[in-house]
Amino acid sequence: MPDAALPAPPDLFDLPRAADPSPRAAALLAPVADLPPGLVHEARPGYADPPPPFYASPDGRLRLYQADALELLRRMREESVDMIFADPPYFLSNGGVTCVGGRMVRVDKGGWDKSQGIIGDHNFNLLWLDQCRRILRPDGTLWVTGTSHNIHSVGYGLQVLGYKILNDIAWYKVNPPPNLACRYFTHATETILWAAKSAKSRHTFHYPLMKEQNGGKQMQSLWNIMPPGKSEKRHGKHPTQKPEALLTRIVAASTNPDELVLDPFCGSATTGVACARLGRRFIGIEREAEHLELAAKRLEEEYQSYHQQPRLDVTVAEATKIGGGGGITEPMEREDALKLLEAIKGSDLVELATRHGQRIFHEKELEGQIKRTLNKGWAGLTLEAYLGLPKNSRREPNGGSWELKQVSIRQQRSGIYAAKETMQITMLDQSHVIANPFESSHVLHKIGRFIVVARLYVDKAETSSPVAIVRAADISMQTAGIYQQVERDYELIRRTLKPGERPHTTTGELIQIRTKGQKDSSTYAFYATKHFVNILLGLNK
Ligand SMILES: C[S@@+](CC[C@H](N)C(=O)[O-])C[C@H]1O[C@@H](n2cnc3c(N)ncnc32)[C@H](O)[C@@H]1O
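Residues numbered from 1 in each chain as written. Predicted model: local features only at pLDDT ≥ 70, side-chain atom pairs only at ≥ 80, totals over all residues.

Some remarks on the overall build of the protein chain
Link 1 in the chain: When its secondary structure is counted, the protein chain shows 16 helices and 21 strands.
Link 2 in the chain: Counting across all 541 residues of the protein chain, residues that qualify as buried make up 37%.
Link 3 in the chain: Here the contacts in the protein chain between residues at least 6 apart in sequence split such that 67% fall between residues at least 24 apart. (Helix = DSSP H or I, 4+ residues; strand = E, 2+ residues; numbered from the N terminus. Buried ≥ 20, exposed ≤ 12 C-beta atoms within 10 Å, placed from the backbone. Contact = placed C-beta atoms within 7 Å.)

Some remarks on the nonpolar core
Link 1 in the chain: Within the largest apolar cluster, 64 residues are counted, with the highest numbers of intra-cluster contacts made by I84 and L142.
Link 2 in the chain: For L142, the contacting residues outside a window of four places in its chain are I84, A86, C132, L136, Y163 and A195.
Link 3 in the chain: In this structure, A379, L404, I425 and V433 belong to the second largest nonpolar core, which totals 54 residues. (Core = buried A, V, L, I, M, F, W, Y, C linked by C-beta atoms within 7 Å.)

Digging into the confidence of the model for the protein chain
Link 1 in the chain: Mean pLDDT for the protein chain: 81, with 81% of residues reaching 70 or above.
Link 2 in the chain: Scored below 50 in pLDDT, residues 32–48 shows 29 contacts in the model against residues more than four places distant or in partner chains.
Link 3 in the chain: Throughout residues 309–330 the model reports pLDDT below 50, and contacts reaching past four residues in sequence, or to other chains, amount to 25 contacts. (pLDDT = per-residue confidence, 0-100.)

Considering helix α4 (residues 151–161)
Link 1 in the chain: All of the buried residues in α4 are S153, V154, G157, L158 and L161. Around the axis of α4, the buried residues are gathered within 135 degrees of arc, so they sit on the same side.
Link 2 in the chain: The secondary structure elements touched by the buried residues of α4 are α1 (23–28), α3 (118–135), β6 (136–146), β7 (164–172) and β8 (189–196).
Link 3 in the chain: Once α4 finishes, G162 follows within two positions and takes phi at roughly 105 degrees, a positive value. (Arc of directions from axis to C-beta.)

Examining the sheet that holds strand β16 (residues 423–427)
Link 1 in the chain: Spatially, β16-β21-β20-β19 is the arrangement adopted by the four strands of the open sheet, whose pairing is antiparallel. One side of each edge strand has no neighbouring strand; the edge strands of this open sheet are β16 and β19 (506–507).
Link 2 in the chain: Alignment of β19 against strand β20 (residues 511–515), held across two bridges, turns out to be antiparallel. The partner of T506 across the bridge, within β20, is I513.
Link 3 in the chain: On the sheet, helix α15 (residues 482–496) packs against β19 and β20 and is oriented at approximately 35 degrees with respect to β20. (Pairing = 2+ DSSP bridges. Axes fitted to C-alpha atoms, helices over the stretch in contact; angles between N-to-C directions.)

Quick word on the sheet that holds β7
Link 1 in the chain: Across the sheet, which stays open at both edges, the nine strands sit in the order β1-β2-β11-β10-β3-β6-β8-β7-β9 with mixed pairing between neighbours. Across the chains shown, the open sheet's two edge strands, defined by having one partner strand only, are β1 (55–56) and β9 (222–224).
Link 2 in the chain: With two bridges joining them, β1 and strand β2 (residues 62–66) adopt antiparallel strand pairing. Across the sheet, Y55 pairs through a bridge with L64, a residue of β2.

A word on helix α16 (residues 530–537)
Link 1 in the chain: Buried residues dominate α16, accounting for six of its eight residues.
Link 2 in the chain: Every buried residue of α16 is listed here: F532, V533, N534, I535, L536 and L537.
Link 3 in the chain: With its phi angle positive at about 75 degrees, G538 sits one or two positions after the end of α16.

Focus on the packing of helix α6 (residues 244–254) against helix α7 (residues 270–278)
Link 1 in the chain: Contact geometry of α6 with α7 gives a least axis separation of 8 Å together with a crossing angle of 55 degrees. Considered as vectors, α6 and α7 are oriented oblique to each other. Here α6 runs over α7; the crossing is right-handed. On the side of α6, the interface is formed by E244, L247, T248, V251 and A252, while α7 contributes T270, T271, V273, A274, C275, R277 and L278. (Parallel < 35°, antiparallel > 145°, perpendicular 65-115°, else oblique. Left-handed = near helix turned anticlockwise from the far one by under 90°.)

A closer look at the site of the ligand
Link 1 in the chain: Near the ligand, the surroundings consist of 20 residues, among which A69, D87, F265, G267 and T270 are the closest.
Link 2 in the chain: Among the elements of the structure, α2 (69–73) and β11 (281–286) are those that each provide at least two residues to the shell around the ligand.
Link 3 in the chain: Counted by class, the shell around the ligand contains six nonpolar, eight polar and six charged residues. (Near = placed C-beta within 6 Å. Nonpolar A, V, L, I, M, F, W, Y, C, P; charged D, E, K, R; others polar.)

The structure is reproduced here in structure tokens:
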């Protein structure tokens with residue numbers, strides 16, 4: 001259902017004839033005779049009507065067009081978009097080799113990535129950068145990614161066309177493939193140029209948000225972001241797909257909700273995914289149908305998951321109708337919770353926290369200085385908010401028929417992913433444990449009801465944290481051995497407990513008891529060891 005409250009982008013491709021290059025760009029273009037054929041994009045007669053989109057989300061706010069970018073940019077209305085992110089051809093598919101999954105492969109991203117020579121490539125950059133500047137609003141900004149193959153041409157183009165370069169970001173691709181030739185340093189970064197339309201632009205920059213996402217310190221121009229993992233490629237692969245964490249940061253930093261973002265070389269539409277997630281409007285242009293099919297799947301999924309989210313903004317009147325005095329109070333079934341959590345697999349939990357106003361760090365003033373401390377429960381609270389559960393209700397949604405657990409996992413030196421910490425199962429009720437064997441214990445009762453959500457721990461500053469695994473745990477269904485081992489551990493712990501005596505830390509193979517919080521605390525709880533968390537997450541194979 002189109003949402004009338006949210007404006008879709010107007011049809012912008014409606015110039016009666018394609019716009020010519022600006023005089024500034026025209027003067028800079030190399031003479032046509034010097035160029036390989038097919039590079040100068042002749043002004044074509046305008047289309048009679050705006051071209052139909054290849055894909056449009058039901059509310060029309062996310063759109064994909066199949067076209068040559070330059071052709072379509074030339075038909076777009078002047079000063080019509082707020083931000084442009086461009087990941088143009090890098091011109092690096094020229095017979096070189098690289099390493100993929102330990103194997104040597106030719107660099108061949110596709111015909112679109114082949115170089116036309118230095119002048120041809122530079123002319124191409126000048127032409128599209130010039131059109132982008134024409135269609136940007138006066139305070140708009142442009143981001144362009146690249147490597148040494150194209151970024152110097154782009155940077156020079158930005159300067160001569162009148163843009164003002166704001167930053168050159170070094171994106172460090174944590175864990176890059178090795179250099180096979182061993183004659184160069186390993187290529188580990190890409191550059192992302194950020195430029196305002198002109199020196200007069202009053203560009204948008206959400207400084208406090210970026211600072212918060214960086215653990216309370218000013219965010220620098222060196223960004224450590226992992227290349228997209230498997231979950232971001234679940235609909236298929238694009239050879240140069242950008243990580244969602246990179247695009248969500250860019251969109252969040254430089255745009256406001258509802259603003260219009262354009263990606264003229266959108267590939268699998270990672271920019272669109274970020275826009276859908278952050279409530280921005282999006283237009284993507286891409287030449288290849290194969291990439292557009294993938295882009296459409298990603299946008300549709302993102303649109304659906306955004307719109308399926310429980311509404312946290314219900315009015316008091318609506319909430320009362322549901323049955324409560326504020327917030328959603330209807331019980332949620334485990335199956336529904338699982339479906340909703342599945343829908344955010346691969347999404348950045350940090351972004352989701354921001355969207356739900358969940359603070360990741362607390363600020364305190366101490367001796368005139370602002371001190372920031374991690375809000376330890378932020379990830380669990382974010383999931384709760386996303387599901388629309390009342391705060392701190394994780395233990396008892398729907399009368400205790402299931403329980404939401406959140407853990408962090410991280411990549412080990414060996415490359416495998418494993419639990420970063422133990423996970424609390426239940427508080428220790430000493431007299432209950434002494435009186436009850438495993439079959440009637442709280443421990444068994446609890447574990448069988450868990451939904452465990454694992455997020456990927458990236459860094460201390462919680463720069464980003466993709467939701468990696470969503471699992472309904474049920475040890476009674478586990479392969480033989482697990483149930484019995486937990487039972488053995490439980491009975492071992494049980495034997496150590498004496499009525500009226502303070503318990504002490506006891507660790508089995510899969511579960512343990514220890515104090516909760518401070519070492520000298522008198523509150524004890526059962527925990528799943530890291531090994532058991534790995535088993536619950538299916539990471540032990
Ligand atoms: C570097 S990739 C973009 C990848 C994208 N950022 C993502 O995350 O999937 C560049 C894309 O631009 C497309 N392309 C190249 N030249 C184009 C042109 N003149 N017009 C439209 N698309 C073009 C290619 O097909 C390719 O998918």
